[in-house]
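One-letter residues, chain by chain:
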Amino acid sequence: MPQVAFAREPAPHTVYGVGPQYDTTHVYVAPDDVDKFVASFLATFGGQSTKQVVATVTPTPSSTTSQLLQTPVGTVSLFGFKTPIPYPFGAERTGYLVTDIDAAVKAARAAGADVVVATFPDPIGRDVVIQWPGGVNMQLYWHTTKPNYAAFQTVPENRVYVSPDRADAFVGSFLRFSRGKIVSDDKKASATEIGRPNETYRRIRLESVFGKMTVIVTDGHLPYPYGREMTGYEVSDLDAVIGKAKASGATVLVEPYVSDHRRSVMVSFPGGYVAEIHAAAK
């Protein structure tokens, strides 16, 4: 009898992420603003800071204060550079913990990412900066000593702005790497969400082991501060959080508005970090 050839099942794709609580927003502020930012951010969301250290966190000579702000709704890697910031640092929006940095870089490349800063050592592990289609820079990191952080009360969303020309390429590449899924793809979302009432835009929501991501597809005609925020934080009582933010030195840039079953606000913290904060609309 002739032999029948059966296609082999492909090997399961390894998931290199660890969990949303190990993914951080990278925030750069002037050294004089570091303490003010820490006080305001923690007063707004709760949580605590790790001990501040002074370190070189780039592959070329530099010096910065560095600390981790861990809150129930999101984590910040805070840098206060005492020297000029080496290129292209400051443009990467997030740091994602991976289980194997060399394998993760290989998988990211295979998914369509560019390596813009080759893997380098830092004081507690190794790092690499990659760029996804559409120009989205992201840092991957690996720790010599495995960290152990508590899960978030609510998972924050990474807010990514891309052009219509590259949106599908970005989503496809990131999902191939993260093994995530599309939660929704609304081609007629209310552009009130990007400061353009009475218009619509395309909004794609993704979820993966790295957490939540909202892909905001626009023509780039964005009123300030839209496009400047990197993270959206979900809270249970928006008014209470706004009150805490104002009392601790933050400024409300966009007053609360309701869209897509959520009530949202845009806030600027001392040092200039812009954040979107939202709660489920009642």
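Residues numbered from 1 in each chain as written. Predicted model: local features only at pLDDT ≥ 70, side-chain atom pairs only at ≥ 80, totals over all residues. Heavy atoms only, no water.

All right, on to the packing of helix α1 (residues 34-45) against helix α4 (residues 238-247) then. Contact pair α1 / α4: the axes reach a minimum separation of 8 Å and the direction vectors enclose 160 degrees. By the angle between their axes, α1 is roughly antiparallel relative to α4. Crossing handedness for the pair α1 and α4: right-handed. Residue-level inspection shows Ser40, Ala43, Thr44 and Phe45 of α1 in contact with α4, the latter providing Val241, Lys244 and Ala245. The residue makeup of the contact of α1 with α4, split by class, is four nonpolar, two polar and one charged. (Axes fitted to C-alpha atoms, helices over the stretch in contact; angles between N-to-C directions. Helix = DSSP H or I, 4+ residues; strand = E, 2+ residues; numbered from the N terminus. Parallel < 35°, antiparallel > 145°, perpendicular 65-115°, else oblique. Left-handed = near helix turned anticlockwise from the far one by under 90°. Contact = heavy atoms within 4.5 Å. Nonpolar A, V, L, I, M, F, W, Y, C, P; charged D, E, K, R; others polar.)

In this chain, tyrosine 87 is followed by proline 88 through a cis amide linkage whose omega measures 0 degrees. Relative to the elements of secondary structure, proline 88 occurs in the loop between β5 (74-81) and β6 (94-97). Note the cis peptide between tyrosine 224 and proline 225, where omega equals 10 degrees. Examined against the element boundaries, proline 225 turns out to sit in the loop between β13 (211-217) and β14 (231-234). Although it is not a glycine, histidine 261 adopts a positive phi angle of roughly 65 degrees. Residue position: histidine 261 is located in the loop between β15 (251-259) and β16 (262-268).

One finds Trp132, Phe170, Phe174, Phe177, Met213 and Val215 to be the most contacted residues of the largest nonpolar core, which totals 30 residues. With near-sequence residues (within four places) excluded, phenylalanine 174 lies in contact with Tyr96, Trp132, Met138, Leu206, Ser208, Phe210 and Met213. The next biggest cluster of nonpolar side chains, apart from the first, holds 28 residues, and it includes Phe41, Val76, Tyr233 and Val235. (Core = buried A, V, L, I, M, F, W, Y, C linked by side-chain atoms within 4.5 Å. Buried < 20%, exposed > 50% of the residue type's maximum accessible area, 1.4 Å probe, protein only.)

Before going further, it helps to spend a moment on the packing of aromatic side chains. By the definition in use, this model includes 21 aromatic pairs. Judged by centre distance (6.4 Å) and plane angle (50 degrees), the ring pair of phenylalanine 79 and phenylalanine 81 falls under tilted. No difference in accessibility class separates phenylalanine 79 from phenylalanine 81, as the two residues are buried. Judged by centre distance (5.9 Å) and plane angle (90 degrees), the rings of phenylalanine 89 and phenylalanine 120 are edge-to-face. Separated by 31 residues along the polypeptide, phenylalanine 89 in the loop between β5 and β6 and phenylalanine 120 in strand β7 (residues 114-122) bring together distant segments of the chain. Since its relative accessible area comes to 4%, phenylalanine 120 is described here as buried. (Phe/Tyr/Trp six-rings, centres within 6.5 Å; stacked < 30°, edge-to-face > 60°.)

Our next topic: the pairing of strand β9 (residues 136-143). Within a regular strand, side chains alternate between the sheet's two faces. Along β9, seven of the eight residues are buried, which leaves the element largely enclosed by surrounding structure. Sheet topology places β6 next to β9; three bridges connect them, and they run parallel. Considered in β9, the bridge of tyrosine 96 is made with leucine 140. The loop that links strand β8 (residues 125-132) with its antiparallel partner β9 comprises three residues; one of these, glycine 134, has a positive phi angle of about 100 degrees. (Pairing = 2+ DSSP bridges.)

With that out of the way, let us pick up the sheet that holds β16. The eight strands lie next to each other as β11-β12-β13-β10-β14-β17-β16-β15, forming an open sheet whose pairing is mixed. Of all strands in the sheet, those bounded by a partner on one side alone are β11 (181-190) and β15. Recorded for the sheet is a direction-independent mean angle of 25 degrees between the axes of neighbouring strands. Where β11 lies against strand β12 (residues 200-208), seven bridges are found, and the strand directions are antiparallel. The partner of alanine 189 across the bridge, within β12, is tyrosine 201. Set on the sheet, helix α3 (residues 167-178) makes contact with β10 (157-162), β11, β12 and β13; between it and β12 the angle comes to about 10 degrees.

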